[in-house]
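So the chains spell out like this:
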Amino acid sequence: MVYVVILSIFLGIEVIGRVPSVLHTPLMSGANAIHGVVIIGAIIVMGKAEPDNYLALVLGFLAVILGTLNVVGGFVVTDRMLEMFKKKK
């Protein structure tokens, strides 16, 4: 499994490094949608966790908070990039 993770890291770096700037904004929007699904999954897992399982509740809470920050940050960056392409008055 370690080999697969290392290979996927290098592959991801190569793929992301070759993405033209024109495609960056649509890819960010897609990533934001995926992170929205991750947030929903974390909420579902937290809801099904036992009340005395503090580790699961804390990890689920952290997943929701960090996922939300990632989605909001992604939308801010996407909005900022789209502002660059608007015509100036």
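Keep in mind that this is a model prediction, so the values were computed, not measured. (Residues numbered from 1 in each chain as written. Predicted model: local features only at pLDDT ≥ 70, side-chain atom pairs only at ≥ 80, totals over all residues. Heavy atoms only, no water.)

**Observations concerning the overall build of the protein chain**
Here is step 1: A tally of helices and strands in the protein chain yields 3 helices and 0 strands.
Here is step 2: The order of α-helices and β-strands along the protein chain, N terminus first, is α-α-α.
Here is step 3: Taken along its principal axes, the extent of the C-alpha atoms in the protein chain is 55 × 40 × 15 Å.
Here is step 4: If you take every contact in the protein chain between residues at least 6 apart in sequence, the share linking residues at least 24 apart comes to 62%.
Here is step 5: Approximately 7500 Å² of the protein chain is accessible, and the part contributed by carbon and sulfur atoms is 76%.
Here is step 6: Here the protein chain holds 7 positive side-chain charges and 5 negative ones, and the gap between their average locations is 19 Å. (Helix = DSSP H or I, 4+ residues; strand = E, 2+ residues; numbered from the N terminus. Contact = heavy atoms within 4.5 Å. Areas by Shrake-Rupley, 256 points an atom, 1.4 Å probe, with all protein chains shown as cover. Lys, Arg positive; Asp, Glu negative; His and termini not counted. Charge placed at Lys NZ, Arg CZ, Asp CG, Glu CD.)

**Let's talk about the UniProt feature "transmembrane region" (unreviewed entry) in the protein chain**
Here is step 1: Under the UniProt annotation, the feature "transmembrane region" (unreviewed entry) is placed at residues 27-47 and 54-77.
Here is step 2: Between the C-alpha atoms that bound residues 27-47 the distance is 31 Å, and the span itself is 100% helix and 0% strand.
Here is step 3: Helix makes up 100% of residues 54-77 and strand 0%, whereas the separation of the span's terminal C-alpha atoms amounts to 34 Å. (UniProt positions renumbered as here; feature names shortened; annotations may be inferred.)

**A short note on the pattern of salt bridges**
Here is step 1: All chains considered together, the criterion is met by 1 salt bridge.
Here is step 2: A salt bridge links Glu-14 to Arg-18, with the shortest nitrogen-to-oxygen separation between them at 2.9 Å.
Here is step 3: For Glu-14, a relative accessible area of 41% gives the class partly exposed.
Here is step 4: Relative accessible area serves as the criterion here: at 66%, Arg-18 is assigned to the exposed category. (Salt bridge = Lys/Arg side-chain N within 4 Å of Asp/Glu carboxyl O. Buried < 20%, exposed > 50% of the residue type's maximum accessible area, 1.4 Å probe, protein only.)

**Quick look at helix H1 (residues 2-17)**
Here is step 1: In this model H1 runs 23 Å from its N-terminal to its C-terminal C-alpha over 16 residues, within 8% of the 22 Å that 1.5 Å per residue would give.
Here is step 2: Of all the 16 residues making up H1, 0 are buried; the element is thus mostly uncovered. (Expected span 1.5 Å × (residues − 1).)

**Quick notes on a nonpolar patch on the surface**
Here is step 1: Residues Leu-55, Val-58, Leu-59, Phe-61, Leu-62, Ile-65, Leu-66 and Leu-69 make up a contiguous nonpolar surface patch of about 800 Å² in total accessible area.
Here is step 2: Within the fold, Leu-66 resides in helix H3 (residues 54-84).
Here is step 3: For Leu-66, a relative accessible area of 55% corresponds to the exposed category. (Patch = residues over 30% accessible without salt bridge, like charges linked within 9 Å, V, L, I, M, F, W, Y side chains within 5 Å.)

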